[in-house]
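Structure at a glance
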Amino acid sequence: MTATATTPVPVRRWSPRLPGRPARETPLQDVLRRVNAVAVLLVVVDVLAFAGAAAVVEPNPGWALVTAGALLGVRTSGRVYRRRLWLSWFHDLPRSMTTTMTAFALSTCLALLVGHQTAAATAVQGTVLLFAGASEVARLLVFAFGRWCRRRFDRCDRSIVVGAGKVGVDLVRTMLQHPEYGLRPVGFIDPHCDTDHDRLPAPLLDEDLATAIRRERAGTVVLAFSHAQESPVVDSAITAHRLGCTTLVVPRMFELCPDGLDVERLRGYPLMRLSTAPTSRPSWWVKRGVDVVLAATALVALAPVIALCAVAVLLESGRPIIFRQVRVGMDNRTFTIFKLRSVRQGRVDDSQSRWSVVGDDRVGPVGRFLRRTSLDELPQLWNILRGDMSIVGPRPERPGFVREFSAIHELYWARHRVPTGLTGLAQVNGLRGDTSIADRSRYDNYYIANWSLWLDLKIVLLTVGELLWRGNR
């Protein structure tokens, strides 16, 4: 692999400063626009149903709190309170009852195991059963009320359909005829549309998707079949994902697609719901808090180790001890990364354009040891504290290589949707140093699409194992 740029190539770059809508929304207006009233009402009626059931049965206050936690926790994890297009009580009943019975079993087992409290178990069971009856009646009314509000008051999400072919046109007509599904189409995006524009049920927007989302204040993007190739469609999904839109995709061979956790129904059409951007989820704030605590603790605990390494670098190759380099982070913003210098200084600083490989004669014994043990990366804990990086994320690269790799490797640019990291999924799968950029990009985009706190923990544990294994080689 060569990493040295030759001729400049036009690069598709991600820009956080997208052309905007004419009227700027306040943060409160933006939040209210994105709040799903049906989901909120479902939570409220469950809380009220449990409060009513507990008032009738009168269980021990401690067990009432345990049962309430089990019910709301299991039902939340079972996605009973999710956003949805199809407000069907019958369709949702199996999932709702399954989560309630799971909470019933957990609470009963806990009551029986803790001191064999049969009376407590009986009270818990009565509370849950009474809750189930009251909750399901209330949920039936909430769904009916939600459908009525969508039809009567146009409580629908402004939606853009990517693809003005037969499927896209049918979807828009269905949205217009059945507003109870909660989607109001504001236009099509399809640069290769060959249909008469006057015959389309919604206007054909002649701008790029990012601009259209901001100008139309769209909250949902539906990816239907279009005449465009696969790559631009994937780009559209990533654009919608990054801007915080709900993204629905018509799957190939949709006639054979069964219902599932992430499959919505718009009349006969299945729509796969893509997960929201990681940075827009509440759990991302947990990730940031853990980053700050761990980075600060590690800097204090490892200060003697960093000092010893700094002395070794000074003795081997003199100053400067800390190596500073410009890297590209989230949304293509650049920042200065800090490392312990492992490469001897040359007369010309070619660090921004030269790729360091195994066997580089500029790396001395101390530098090789620092690289093999990854101790040269420890100063990046300061980058994590500053917010430039995270503990886990795609590894940051130099601007010149980012331009080159984005021009050569498909969707390399998309890995900059989240902050870069000290370690990442690609690195724990052996993709460090002079390895395939295409494979790294694939792993990084997989990480973003499947991000969770558990995945971060898994990568950290694999990183520790990798460091210990390398240290014992």
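Calculation criteria
- Residues numbered from 1 in each chain as written.
- Predicted model: local features only at pLDDT ≥ 70, side-chain atom pairs only at ≥ 80, totals over all residues.
- Heavy atoms only, no water.
- Helix = DSSP H or I, 4+ residues; strand = E, 2+ residues; numbered from the N terminus.
- Buried < 20%, exposed > 50% of the residue type's maximum accessible area, 1.4 Å probe, protein only.
- Contact = heavy atoms within 4.5 Å.
- Areas by Shrake-Rupley, 256 points an atom, 1.4 Å probe, with all protein chains shown as cover.
- Expected span 1.5 Å × (residues − 1).
- Arc of directions from axis to C-beta.
- Salt bridge = Lys/Arg side-chain N within 4 Å of Asp/Glu carboxyl O.
- Pairing = 2+ DSSP bridges.
- Axes fitted to C-alpha atoms, helices over the stretch in contact; angles between N-to-C directions.
- Left-handed = near helix turned anticlockwise from the far one by under 90°.
- Phe/Tyr/Trp six-rings, centres within 6.5 Å; stacked < 30°, edge-to-face > 60°.
- Core = buried A, V, L, I, M, F, W, Y, C linked by side-chain atoms within 4.5 Å.
- pLDDT = per-residue confidence, 0-100.
- Parallel < 35°, antiparallel > 145°, perpendicular 65-115°, else oblique.
- Nonpolar A, V, L, I, M, F, W, Y, C, P; charged D, E, K, R; others polar.
- Polar contact = N/O pair within 3.5 Å; in protein donor to acceptor, adjacent residues only side chain to side chain.

What about the overall build of the chain?
- The helix and strand tally for the chain stands at 16 helices and 10 strands.
- Residues classed as buried in the chain amount to 48% of the 473 residues present.
- Considering only residue pairs separated by 6 or more positions, the chain has 74% of its internal contacts joining residues 24 or more positions apart.
- Roughly 24300 Å² of accessible area belongs to the chain as shown, and the carbon and sulfur atoms make up 62% of that amount.

Some points on helix H9 (residues 282-301)
- For H9, built from 20 residues, the straight-helix expectation of 28 Å at 1.5 Å per residue is met to within 8% by its first-to-last C-alpha distance of 29 Å.
- Among the residues of H9, those classed as buried are Trp-284, Lys-287, Asp-291, Ala-295 and Ala-298. End-on, the buried residues of H9 take up no more than an arc of 70°, which puts them together on one face. In this structure, H9 carries Pro-282, Trp-285, Val-293, Val-300 and Ala-301 as exposed residues pointing more than 90 degrees from its buried face.

Re the pattern of salt bridges
- Per the stated rule, a full pass over the model turns up 24 salt bridges.
- The partner of Glu-136 in a salt bridge is Arg-139, with the nearest N and O atoms 3.8 Å apart. Residue Glu-136 and its partner Arg-139 are both found in helix H5 (residues 118-153); the two are separated by 3 residues, about one turn of the helix. Judged on exposure class, the residue Glu-136 and its partner Arg-139 are both buried.
- What emerges from the salt-bridge pattern is a single network uniting Arg-82, Arg-84, Asp-92, Glu-136 and Arg-139.

Quick look at the sheet that holds strand S3 (residues 220-223)
- Sheet architecture is open: 6 strands sit in the order S2-S1-S3-S4-S6-S5, paired in mixed fashion. Because the sheet does not close on itself, it has two edges, and the strands there are strand S2 (183-189) and strand S5 (263-266). Adjacent strand axes in the sheet meet at a mean angle of 30°, parallel and antiparallel pairs treated alike.
- Relative to S2, strand S1 (residues 157-162) runs parallel, the two being bridged by 6 bridges. The partner of Val-162 across the bridge, within S2, is Ile-189.
- Set on the sheet, helix H6 (residues 166-177) makes contact with S1, S2, S3, S5 and strand S6 (269-273); between it and S2 the angle comes to about 155°.
- The sheet contacts of helix H7 (residues 209-216) involve S1, S2 and S3, and relative to S1 the element is tilted by about 160°.

With respect to the packing of helix H3 (residues 61-77) against helix H4 (residues 89-113)
- Running from N to C, H3 and H4 point in directions that differ by 145°, and their axes come no closer than 9 Å. The chirality of how H3 crosses H4 is right-handed. Contacts from Trp-63, Val-66, Thr-67, Ala-70, Leu-71, Val-74 and Arg-75 in H3 reach Ser-96, Thr-99, Thr-100, Thr-102, Ala-103, Leu-106, Ser-107, Leu-110 and Ala-111 in H4.

Focus on the packing of aromatic side chains
- Counted according to the given criterion, the structure contains 7 aromatic pairs.
- Look at Trp-89 and Phe-90: their rings are 5.1 Å apart centre to centre, the planes differ by 65°, and that puts the pair in the edge-to-face class.
- Owing to a relative accessible area of 66%, Phe-90 belongs among the exposed residues under this scheme.
- Judged by centre distance (5.5 Å) and plane angle (70°), the ring pair of Phe-405 and Tyr-412 falls under edge-to-face. As far as burial versus exposure is concerned, Phe-405 and Tyr-412 are alike and both buried.

Some details on the side chain of Thr-174
- If you trace the backbone, Thr-174 turns up in helix H6.
- A relative accessible area of 12% places Thr-174 in the buried class.
- Sequence-distant contacts of Thr-174, that is, excluding residues within four places in its chain, are made with Leu-266 and Arg-267.

Section: the nonpolar core
- Ranked by size, the top nonpolar core spans 27 residues in total, and within it Leu-340, Leu-370, Leu-381, Ile-384, Tyr-447 and Ile-459 carry the most contacts.
- For this core, the elements supplying multiple residues, two or more each, are H9, helix H10 (303-317), strand S8 (334-340), helix H12 (380-386), strand S9 (389-392), helix H14 (425-428), helix H15 (437-449) and helix H16 (453-471).
- For this core, the element with the most residues is H10, which contributes 4 residues.

So, the confidence of the model for the chain
- In the predicted model, the chain carries a mean pLDDT of 85, and the fraction of residues at 70 or more is 86%.
- Mean pLDDT values for the elements of the chain range from 54 in helix H1 (residues 27-34) up to 96 in S9.

Re the packing of H9 against H10
- As a packed pair, H9 and H10 sit with axes 4 Å apart at the nearest point and diverge in direction by 60°. As far as their axial angle goes, H10 and H9 are oblique. Where H9 approaches H10, its residues Ala-298, Leu-299, Val-300 and Ala-301 are matched on the opposing element by Ala-303, Pro-304 and Ile-306.
- Looking at the contact of H9 with H10, its residues break down into 7 nonpolar, no polar and no charged.

A word on H4
- Here H4 spans 35 Å end to end across 25 residues, near enough to the 36 Å set by a 1.5 Å rise per residue.
- Buried-residue contacts for H4 involve H3 and H5.
- A distance of 3.1 Å separates the backbone nitrogen of His-91 from a side-chain oxygen at the start of H4, and that oxygen is part of Ser-88.

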